[in-house]
Amino acid sequence: MKAKVSSLVLVLLLTVSWISCGNAAKVEQKVRNIPSDVKIEAKDTTYMEFPPELVDFVPYEGNPVFAGTGKDTWDRRIRERGYILREGGTYHLWYTGYNKNRANGTKYLGYATSPDGFKWTRHPDNPIFDECWVEDMCVVRHKSTYYMVAEGRNDIAHMLTSKDRVHWKEQGKLDIRYTNGKALTPGPYGTPVLWIEEGTWYLFYERGDLGIWLATSRDRKVWKNVWDEPVIALGPDDYDNHLVAADQIIKHKGRYYLYYHAHAKGPGLWTTNVAVSTDLIHWKKYSSNPIIRKNHSSGSLVHDGEQYRLYTMHPDVRVYFPRTNSTTKGI
């Protein structure tokens, strides 16, 4: 009898040891039925690759919060992609305005501000930059300078700089090269997105919306591809099997999130989507993409001091709040 009890105790001890030596995560995942995009880590905690505050949003009831004038002005309509920064309690919006009824059809740069991200005031000197075509802009602040990368005419990316957010100086087309140092083949390279980290500038861009490429630079004069293939390719799912372009990069709890807009083949709508990475090069798309449908795209996150809001910029500006902590009532 004692032998049987001892054997039972030994089996129990071995089972406990097996669980504690690296298999506990598998047991917990089975018991808790944790989704596949959740990674079990040490100390009995979980880390979600796609936490709900970054992917699960509900629309604000007062949408849209900003749009073209609908009148015979230079910004009768606005176009993807605008960009929002929140600094010192003020929301700053740069946007592209155009009017098909005007002869040259050039898309110019507009600027608006808001104390709350809902009610916007256009700058009295709009358009604030009309020397050349500015579309699909991304704005970052580095030290005391604002850097804007944007599409120009024919979808060629260029850079502008400013000290005050309003007055911008053209810095010319971006010189992007293949990994071997040779210039890109002729053709579009647009919808640029910037990220800066440890002295390296990362530039995400598309070529005909057929994928998202990544180039880096230390001097902002020459940009070299990390790969000569897209870091985010089309498909394989239907929602982004036709066209893709980047919108924004954020860093959240040690991981990078790239928000991008996409289009399916055939008649369809532009959508807002997200992918995650630990190194800015290898990306995993969210399995429940798109996060915003209904032709509301060109999304970017803005932290309002308490939580992230998601703004979509096409075909007008709309705001969304995390479902778990939403404020959707009109103001």
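Further up the page is the structure itself.
In this text the structure is predicted, and so the values were computed from the model without any measurement. (Residues numbered from 1 in each chain as written. Predicted model: local features only at pLDDT ≥ 70, side-chain atom pairs only at ≥ 80, totals over all residues. Heavy atoms only, no water.)

1. Quick notes on the sheet that holds strand β20 (residues 284-285)
Here is step 1: Strand order across the open sheet formed by 4 strands is β17-β18-β19-β20, with antiparallel pairing between neighbours. Two strands close off the open sheet at either side, each with one partner strand: β17 (243-252) and β20.
Here is step 2: Here 2 bridges tie strand β19 (residues 271-277) to β20, and the two strands are oriented antiparallel to one another. The partner of Ala275 across the bridge, within β20, is Lys285. (Pairing = 2+ DSSP bridges. Helix = DSSP H or I, 4+ residues; strand = E, 2+ residues; numbered from the N terminus.)

2. Here's the deal with the environment of Asp72
Here is step 1: For Asp72, the position within the fold is in the loop between β3 (57-59) and β4 (77-87).
Here is step 2: Here Asp72 falls in the exposed class, since its relative accessible area comes to 53%.
Here is step 3: As for Asp72 and Asn99, which are separated by 27 residues in sequence, their C-alpha atoms are 7.3 Å apart.
Here is step 4: Here Asp72 is in contact with Asn99 and Arg102, once residues within four sequence places are set aside.
Here is step 5: For Asp72, the side chain forms a polar contact with the side chain of Asn99, separated by 2.9 Å. (Buried < 20%, exposed > 50% of the residue type's maximum accessible area, 1.4 Å probe, protein only. Contact = heavy atoms within 4.5 Å. Polar contact = N/O pair within 3.5 Å; in protein donor to acceptor, adjacent residues only side chain to side chain.)

3. What to know about the pairing of strand β13 (residues 190-197)
Here is step 1: Burial runs high along β13: 6 of the 8 residues are buried.
Here is step 2: Relative to strand β14 (residues 200-206), β13 runs antiparallel, the two sharing 6 bridges. Paired with Ile196 across the two strands is Trp201, which belongs to β14.
Here is step 3: Connecting β13 to the next strand, β14, in antiparallel fashion are 2 residues, including Glu198 with a positive phi near 50°.

4. Some points on the sheet that holds strand β7 (residues 121-122)
Here is step 1: Strands sit in the order β4-β5-β6-β7 across an open sheet of 4 strands; the sheet is antiparallel. Both outer strands of the open sheet, β4 and β7, are each paired with one neighbouring strand and no more.
Here is step 2: Where strand β6 (residues 108-114) lies against β7, 2 bridges are found, and the strand directions are antiparallel. Of the residues in β7, the one forming a bridge with Ala112 is Arg122.

5. Some points on the pattern of salt bridges
Here is step 1: Under the definition given, this model contains 12 salt bridges.
Here is step 2: Here Lys284 makes a salt bridge to Glu49, at a shortest N to O gap of 2.7 Å. Note that Lys284 is positioned in strand β20 and Glu49 in the loop between β2 (45-48) and α2 (52-55), a separation of 235 residues in sequence.
Here is step 3: Residues Glu135 and Arg79 are paired through a salt bridge, measuring 2.3 Å at the closest nitrogen-oxygen approach. One end of the pair, Glu135, is in strand β8 (residues 135-142); the other, Arg79, is in strand β4, with 56 residues separating them in the sequence.
Here is step 4: Residue classification places Arg79 among the partly exposed positions, given a relative accessible area of 29%.
Here is step 5: Residues participating in the shared-partner salt-bridge network are Glu49, Arg255 and Lys284. (Salt bridge = Lys/Arg side-chain N within 4 Å of Asp/Glu carboxyl O.)

6. A closer look at the layout of surface pockets
Here is step 1: A volume near 410 Å³ is recorded for the largest pocket.
Here is step 2: For the largest pocket, the lining is made up of 20 residues, of which Tyr83, Leu85, Val140, Trp195 and Ile249 are closest to its centre.
Here is step 3: Of all the elements in the fold, those that place two or more residues in the lining of the largest pocket are β4, β8, β13, β17 and β21 (297-303).
Here is step 4: Here the lining of the largest pocket takes 5 residues from β4, the largest share from any one element.
Here is step 5: Of the residues that constitute the lining of the largest pocket, the class distribution is 14 nonpolar, 2 polar and 4 charged. (1 Å grid on protein atoms, 1.4 Å probe; cavity = no way out; pocket = protein on both sides within 12 Å on 5 of 7 lines; lining within 4 Å. Points joined across faces, edges and corners; volume = space filled by probe spheres on them. Nonpolar A, V, L, I, M, F, W, Y, C, P; charged D, E, K, R; others polar.)

7. A look at the environment of Gln171
Here is step 1: Within the secondary structure, Gln171 is located in strand β11 (residues 168-173).
Here is step 2: The class of Gln171 is partly exposed, set by a relative accessible area of 45%.
Here is step 3: Separated by 11 residues in sequence, Gln171 and Leu160 place their C-alpha atoms 5.3 Å apart.
Here is step 4: The contact partners of Gln171, leaving out residues within four places of it in the chain, are Met159, Leu160 and Thr161.

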